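As a plain string of letters, each chain reads:
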Amino acid sequence: MNRSSLRYRRGFTAVTLAVTAGMFLASCADNGSSGGGGGETVESGSALKIGMVNEQADPGTPTKGGTLTFSGYAAVTTLDPAKGQVAGSTGGSELGAIYDVVMRYDPIKQEFVPQLAESLEASVDSKTWTLKLRDGVTFSDGTPLDSKAVTDSITRYVTNKGPQSSLWAAKVDSMDTPDATTVVFNLVDPWTGIQSMLATGPGMIVAPTAQKGDQFTPIGAGAFTLENFSPNVELVLAARPDYYGGAPNVDKLKLISIVGAQPTAEALKTGGIDAAYMRTLAPILDLIDSGNPGFIDIPSLGYISNVNMAPGRPGSNVKVRQAMALAIDPETLNTRVNNGKGLPGQEIFQESSRWHNDVAPIGVDPAKAKELLDQAKAEGYDGKITFLSIQEPSAQATALGVQAMLNAVGFDAQIEYVTGAGDLVKRMYVDHDYDMSTGALSLPEADPFERLYTGIKTGGRNNATGYSDAQMDVLLDQLGVATTDEDKKAVLAKIQERANETVPWQVWGNVPNFDVWNKNVHGLQQSIDSIMLFDEVWKS
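Residues numbered from 1 in each chain as written. Predicted model: local features only at pLDDT ≥ 70, side-chain atom pairs only at ≥ 80, totals over all residues. Heavy atoms only, no water.

## Digging into the overall build of the protein chain
At step 1: Looking only at helices and strands, the protein chain has 15 helices and 27 strands in total.
At step 2: A compact globule built from 540 residues would reach a C-alpha radius of gyration of about 24 Å, and the protein chain, at 23 Å, matches this within 12%.
At step 3: Seen along its three principal axes, the alpha-carbon backbone of the protein chain occupies a region of about 70 × 55 × 45 Å.
At step 4: Every one of the 540 residues in the protein chain was classed for burial, and the buried ones make up 60%.
At step 5: Within the protein chain, contacts between residues separated by at least 24 positions form 72% of all contacts whose residues are at least 6 apart in sequence.
At step 6: When the accessible surface of the protein chain is summed, it comes to about 19,800 Å², and 48% of that surface belongs to carbon and sulfur atoms.
At step 7: If the 43 positive side-chain charges of the protein chain are averaged to one point and the 63 negative ones to another, these points end up 5 Å apart. (Helix = DSSP H or I, 4+ residues; strand = E, 2+ residues; numbered from the N terminus. Rg over C-alpha atoms; globule rule 2.2 N^0.38 Å. Buried < 20%, exposed > 50% of the residue type's maximum accessible area, 1.4 Å probe, protein only. Contact = heavy atoms within 4.5 Å. Areas by Shrake-Rupley, 256 points an atom, 1.4 Å probe, with all protein chains shown as cover. Lys, Arg positive; Asp, Glu negative; His and termini not counted. Charge placed at Lys NZ, Arg CZ, Asp CG, Glu CD.)

Take a look at the structure:
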């Protein structure tokens, strides 16, 4: 028996790896102000629901052979799951093809199902989880995927301070390997989030032979192996004939990233690519109306503004944050930025979410906003605030809309433009040199706890605003140990109430994610965070 301890001092190393994706998506995505356009079937984002669209009839027996070309949202920069945030927008589908995942989230059934695992069972108190591995699973180099390989890979992930490592270390006390096919996770507290962890970065198991000194080779147990990798250009993967689930139907995967949602949509229509991940509203509506099959996901807190709460910043005063929230109307922003077709709202969980509750958000009230602002000014605040934005049409439209609504109640709001997303990321998440800017937490439907916890917990790994509230910390801790959906929803309702009072973000709405493919593509599977799995995909 092997017992591996995972307790270590948490830090903020590699923070940008964990947060860049969410911020980038909200601040840089064209949310629908140009290009494409909805048709008669789906006229706006408000008509979208989480689930399949343009479902395909049974296509019959899969066809073997060929290459499937997939365009991701951002180009892949690393093939090491411990070196980057693993999500559908940031290499999750690409890495999943190489490593597979221990568990998969079925977004239709809203449950986790075994993938490389045979089962994952919780004790009555959810403090002990027992993982049973499938028999006969091997890495692409022929070595077995056994319990020691799993614990060694997770330990490597934590040691390398992967983006989800701090929460894992806080929750998982140790791992036991009573036999070659069993891993027992001993937790500090009751926690169901281990399921989502094993469906993302920590659950992408790296082969024991992958790391030799400073040299890393992407060796996993997935359905495909590396053929060619040109960072920021393309990734080509070849099918594994010895994959545990049987040889994939396609011979190769070509994984690229086309810059811009409209060019991506055009490439789908012309057959230049076979599948894509998108989160730009107008082309999404256009592709749905064109009959393209796919899966719509609507993560919560997808369109927000971060407000710097560091001492000396305007956002350090809760009255200022409340005044901004009461002054900025998401519906007005939606009209200016999305031609009225977006998913505006101030609530953390909109009606499309399984976590929606009946607690009303803070609301829009310019008169009350002016009253609170006047109180803050009487206490010494000069009314000045700067909105940081990139020079991109929809981002500029957002900035101008925010400026107008803030100035209308008495703020002196100015806009500062930076060249690109990289500059914005550095200013917001590394240097913390900003007053206000767009961002996103993109809370997955599968489990919103992790990103809420790391995003607004005092000292949280991804807490870019400096938000700190003792009552919210208690609520987050309560959410972390809740084990039923009913209990989680009850705590989330209290989190909404506390957010109305303390305003951890300015919430403006959501942005849909779309896993989309052409009509001749079949067998794609969805998982958590819009990750796609390609082991059963084929083209007719």
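## Description of the packing of aromatic side chains
At step 1: Tallied over the full model, the rule gives 8 aromatic pairs.
At step 2: Taken together, a centroid distance of 5.5 Å and an interplanar angle of 65° make the contact between Phe70 and Phe534 edge-to-face. On the criterion of sequence distance, the pair formed by Phe70 in strand β3 (residues 67–71) and Phe534 in the loop between β26 (532–533) and β27 (538–539) is long-range, its members being 464 residues apart. Judged on exposure class, the residue Phe70 and its partner Phe534 are both buried. (Phe/Tyr/Trp six-rings, centres within 6.5 Å; stacked < 30°, edge-to-face > 60°.)

## Some thoughts on the sheet that holds strand β17 (residues 303–307)
Two modes of strand pairing occur in sheets, parallel and antiparallel, and in both the strands are linked by backbone hydrogen bonds.
At step 1: Pairing within the open sheet is mixed, and its 6 strands lie in the order β18-β22-β17-β21-β19-β20. With one partner strand each, in any of the chains shown, β18 (343–344) and β20 (412–418) form the two edges of the open sheet.
At step 2: Bridge analysis of strand β19 (residues 384–390) against strand β21 (residues 436–439) gives 2 bridges, and the strand direction is parallel. Looking across to β21, one finds that Phe387 is bridged to Met436.
At step 3: Here helix α8 (residues 318–327) sits on the sheet in contact with β17, β19, β21 and β22 (506–510), set at roughly 35° to β22.
At step 4: Strands in contact with helix α12 (residues 421–430) are β17, β19, β20 and β21; relative to β19, the strand with the most contacts, it is inclined by about 140°. (Pairing = 2+ DSSP bridges. Axes fitted to C-alpha atoms, helices over the stretch in contact; angles between N-to-C directions.)

## Observations regarding the layout of surface pockets
At step 1: Counted as a void, the second largest pocket has a volume near 370 Å³.
At step 2: Taken together, 17 residues form the lining of the second largest pocket, with Met52, Trp517, Gly523, Leu524 and Gln526 sitting closest to its centre.
At step 3: Those elements that place two or more of their residues in the lining of the second largest pocket are β4 (103–106) and β25 (525–526).
At step 4: Along the lines of polarity and charge, the residues of the lining of the second largest pocket split into 8 nonpolar, 5 polar and 4 charged. (1 Å grid on protein atoms, 1.4 Å probe; cavity = no way out; pocket = protein on both sides within 12 Å on 5 of 7 lines; lining within 4 Å. Points joined across faces, edges and corners; volume = space filled by probe spheres on them. Nonpolar A, V, L, I, M, F, W, Y, C, P; charged D, E, K, R; others polar.)

## Considering the packing of α8 against helix α10 (residues 366–378)
At step 1: One can describe the packing of α8 onto α10 by two numbers: an axis separation of 8 Å at closest approach and a directional angle of 160°. Classified by the interaxial angle, the pair formed by α8 and α10 is roughly antiparallel. Judged by the sense of rotation from one axis to the other, the crossing of α8 with α10 is left-handed. Facing Lys319, Val320, Gln322, Ala323, Leu326 and Ala327 of α8, the residues of α10 in contact are Pro366, Lys368, Ala369, Leu372, Leu373, Gln375 and Ala376. (Parallel < 35°, antiparallel > 145°, perpendicular 65-115°, else oblique. Left-handed = near helix turned anticlockwise from the far one by under 90°.)

## Digging into the sheet that holds strand β15 (residues 275–278)
At step 1: With mixed pairing, 8 strands are arranged side by side in an open sheet as β2-β16-β23-β15-β3-β14-β13-β12. Of all the strands in the sheet, just β2 (51–53) and β12 (224–230) have a single pairing partner and so form its edges. Along the sheet, successive strands turn relative to each other by an average axial angle of 20°, direction set aside.
At step 2: Examined bridge by bridge, strand β13 (residues 234–239) and strand β14 (residues 252–256) share 5 bridges and lie antiparallel to one another. Opposite Leu237, over in β14, you have Leu253 as the bridge partner.

## Here we look at the pattern of salt bridges
At step 1: One pass over the full model with this rule turns up 19 salt bridges.
At step 2: If you follow the salt bridges from partner to partner, you end up with Arg313, Glu416, Arg427, Asp433 and Asp435 in one network. (Salt bridge = Lys/Arg side-chain N within 4 Å of Asp/Glu carboxyl O.)

## Details of empty space enclosed by the protein
At step 1: Here the structure, examined in full by the defined rule, presents 11 cavities of 30 Å³ or more.
At step 2: Taken as a whole, the second largest cavity encloses approximately 140 Å³ of empty space.
At step 3: Elements with a contribution of two residues or more to the lining of the second largest cavity: α8, α15 (485–502) and β22.
At step 4: In terms of residue class, the lining of the second largest cavity is made up of 11 nonpolar, 4 polar and no charged.

## Examining α8
At step 1: In terms of residue burial, α8 counts as a mostly covered element, since 8 of its 10 residues are buried.
At step 2: For α8, every residue scored as buried is listed here: Val320, Arg321, Gln322, Ala323, Met324, Ala325, Leu326 and Ala327.

## A look at the nonpolar core
At step 1: Membership of the largest hydrophobic core comes to 92 residues, with the highest contact counts inside it found for Trp168, Phe185, Trp505 and Phe534.
At step 2: Residues Tyr303, Leu372, Tyr381 and Ile385 belong to the second largest nonpolar core, which totals 28 residues. (Core = buried A, V, L, I, M, F, W, Y, C linked by side-chain atoms within 4.5 Å.)

## Some remarks on unusual backbone geometry
At step 1: One non-glycine residue, Asn54, adopts positive backbone phi at about 50°.
At step 2: Inspection of the secondary structure puts Asn54 in the loop between β2 and β3.
At step 3: Backbone geometry at Gln110 places phi at a positive 60°, although glycine is not the residue there.
At step 4: With respect to the helices and strands, Gln110 occurs in the loop between β4 and β5 (111–114).
At step 5: With a relative accessible area of 41%, Gln110 lands in the partly exposed category.

## Looking at the environment of Thr280
At step 1: If you trace the backbone, Thr280 turns up in the loop between β15 and α7 (281–289).
At step 2: The exposure class assigned to Thr280 is buried, which follows from its relative accessible area of 6%.
At step 3: Distance from Thr280 to Gly260, taken between C-alpha atoms, is 9.0 Å for residues 20 residues apart in sequence.

## Here's the deal with the side chain of Asp529
At step 1: Relative to the helices and strands, Asp529 is located in the loop between β25 and β26.
At step 2: For Asp529, a relative accessible area of 12% puts it in the buried group.
At step 3: If sequence neighbours within four positions are ignored, Asp529 has contacts with Val86, Ala87, Gly88, Ser442, Pro444 and Arg451.

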